[in-house]
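Topology and contacts: notes
Here are the chains, one letter per residue:
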Amino acid sequence: MNKIIEKIETPVNYECDVLVAGGGIAGIAAAMAAAREGARVILLERSFVLGGLATSGLVTIYLPLCDGMGRQVSFGIAEELLKLSIEHGWETDIPKHAIPDIWLSEHTVAERAESGKRYDVQFNPHLFAFSAERVLRELGVKILFGRYAVAVSERESRIESVVIESKSGREGIAVKGCVVDATGDADICAFSSAKTAIYSNGNTLAAWYYFTNNEAGHHLKMYGFTDVSLKDAPEKALTKSKYTGIDATEISDMMGESHAAIEKDILARRENGETVTPSCIATIPQLRMTRRLDGQYTLDYSEMHKRFEDSVGMVSDWRKRGPVFEIPFGTLRSDEVKNLLVAGRCISVTDDMWDVTRVIPDCAVTGEAAGTAAAMTSDLSTLSVSELQKKLKSNGVKIHLDELA
């Protein structure tokens, strides 16, 4: 293999207390939480719109904040972002896309359980992205679009700076406090001495897109792999390929496969007499599980309803009614790096649990916890978890199962 040997001097052009890498839901929540604690926050986003899979990836379903048994389990920024996602109206005027009325007024747990309706909503990706960006800017967060991390400088088990690349070339960001890896792929973890793990099953191709037709409105087709069961879902996978999501060439090929699948589907629908036109496609790969932190604690699906003394919030299982999980702070922390936290779909969980914690509300829960912790210290080994829990509770987060109605 031919190699190019370079001698590089990278200017350090930025400094912050908290650096959040990744502007998806987890990164948005982390940046909001850290800024509200008074930290100087920089948020990196490699694309030019916030929201990640929720917006650029067109996964526009804010999955449930409740356990399906009438109890809300996720609070704080997770609920704030759900409401923010539809502040300008929900995805369409069709009632099924709105928050069920039973969650917007006073009802008992039994009444909510009997209704069978979960606390979720479908939102417009573009309006949500604009709203989230506005909120972050009002909080003083410096958003660096078109930038992504390519390396870290680490000394004495601490990340001192992060190297980014963009149209301007290579630049450095000096970090006085903590780094929150909300990249979805544990990129910062991989650049540092933190341990990581790869999702063993790979990702199935998704090719979601929006379209218009003779019916009024802007419609989402969840084509290929979906997060919900659909009557019109393909009977088989769009391709036999599986994608790890951490190899650039593979991801490029995946996007090509997605584009080809959408074109084929649109043309087939037209040949069948539909007046259908694609109006929006995903501009980032629709990957779900790729690489994660191998952290201080690895949460397993069998630990539903288990109490963790270091819990920083709770999440439900979006796929079924009943299960609730407390999220241990140890799933957000590395043993190897003193000022590194993770949030979102790269927290430390087993493969069985990964499918639960990768979704929007869970990303918001872990993002808020990571951002709050990041603003409290520059050395996580000295952090008082009880103090972190107090701060989270003061912001409306419920920590343990016995706090639920």
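The structure under discussion appears in the preceding block.
My aim in this report is to walk through the structure given alongside it, one point at a time.

Counting its regular elements, the protein chain contains nine helices and 16 strands. Relative to a compact globule of 405 residues, whose C-alpha radius of gyration would be 22 Å, the protein chain shows 21 Å and is just as compact. The C-alpha extent of the protein chain, read off along each of the three principal axes, is 65 × 60 × 40 Å. Each of the 405 residues in the protein chain was classed as buried or not, and the buried ones make up 57%. Entry remark: accessible area of the protein chain is about 17700 Å², with carbon and sulfur atoms responsible for 49%.

Listed in full, the buried residues belonging to helix α9 (residues 385-394) are L388, Q389 and L392. End-on view of α9: buried residues confined to an arc of 100°, all on one side of the axis. Across α9 from its buried face, at more than 90 degrees, point the exposed residues K390 and S394. Elements that come into contact with the buried residues of α9 comprise β14 (311-316) and α8 (360-376). Two residues or fewer after α9 comes G396, characterised by a positive phi angle close to 95°.

Here three strands make up an open sheet; going across it, the order is β11-β10-β12 and the pairing antiparallel. The two strands at the open ends of the sheet, each matched to only one other strand, are β11 (219-221) and β12 (277-281). Neighbour to neighbour, the strand axes of the sheet diverge by 40° on average, direction disregarded. Running at roughly 25° to strand β10 (residues 209-212), helix α6 (residues 248-271) makes contact with β10, β11 and β12 of the sheet.

On to the state of the cysteines. Summed over the entire model, instances satisfying the criterion amount to zero disulfides. Just so you know, C16 is unpaired, no disulfide at all, and the nearest cysteine sulfur is the one on C178, 10 Å from it. The class of C16 is buried, set by a relative accessible area of 1%. Here C66 is not cross-linked by a disulfide; its sulfur's nearest cysteine counterpart is in C363, at 17 Å. Accessibility expressed as a relative area gives 1% for C66, which makes it buried.

With that settled, consider the packing of α8 against α9. Between α8 and α9, the least distance of the axes is 10 Å, while the angle of their chain directions is 120°. The pairing of α8 with α9 is recorded here as oblique in orientation. The chirality of how α8 crosses α9 is right-handed. Taking contact as the criterion, the partners of E368, A369, T372, A373 and M376 in α8 are, on α9, E387, L388, K391 and L392. When the residues that make up the contact of α8 with α9 are grouped by side-chain class, the tally is five nonpolar, one polar and three charged.

For the rest of this paragraph, the subject is the packing of aromatic side chains. Following the criterion strictly, the structure yields six aromatic pairs and no others. Judged by centre distance (5.2 Å) and plane angle (15°), the rings of W103 and Y119 are stacked. One end of the pair, W103, is in the loop between α2 (77-85) and α3 (109-115); the other, Y119, is in the loop between α3 and β4 (121-122), and 16 residues separate them in sequence. Like W103, the residue Y119 is buried in the burial classification. In this arrangement the basic side chain of R46 is found over the ring face of Y148, its NZ or CZ atom lying 4.7 Å from the centre. Stacked on the ring of W208, the Lys or Arg R288 has its end atom at 5.3 Å from the ring centre.

Further remarks concern unusual backbone geometry. One non-glycine residue, A186, lies in the positive phi region at around 55°. The residue A186 is located in the loop between β8 (169-181) and α5 (187-191) in this model. Among the residues examined, A186 registers a relative accessible area of 0% and is labelled buried. Although it is not a glycine, H305 adopts a positive phi angle of roughly 65°. Along the chain, H305 falls in the loop between β13 (291-293) and β14.

Calculation notes
- Residues numbered from 1 in each chain as written.
- Predicted model: local features only at pLDDT ≥ 70, side-chain atom pairs only at ≥ 80, totals over all residues.
- Heavy atoms only, no water.
- Helix = DSSP H or I, 4+ residues; strand = E, 2+ residues; numbered from the N terminus.
- Rg over C-alpha atoms; globule rule 2.2 N^0.38 Å.
- Buried < 20%, exposed > 50% of the residue type's maximum accessible area, 1.4 Å probe, protein only.
- Areas by Shrake-Rupley, 256 points an atom, 1.4 Å probe, with all protein chains shown as cover.
- Arc of directions from axis to C-beta.
- Contact = heavy atoms within 4.5 Å.
- Pairing = 2+ DSSP bridges.
- Axes fitted to C-alpha atoms, helices over the stretch in contact; angles between N-to-C directions.
- Disulfide = S-S within 2.5 Å.
- Parallel < 35°, antiparallel > 145°, perpendicular 65-115°, else oblique.
- Left-handed = near helix turned anticlockwise from the far one by under 90°.
- Nonpolar A, V, L, I, M, F, W, Y, C, P; charged D, E, K, R; others polar.
- Phe/Tyr/Trp six-rings, centres within 6.5 Å; stacked < 30°, edge-to-face > 60°.
- Lys NZ or Arg CZ within 6 Å of the ring centre and 35° of its normal.

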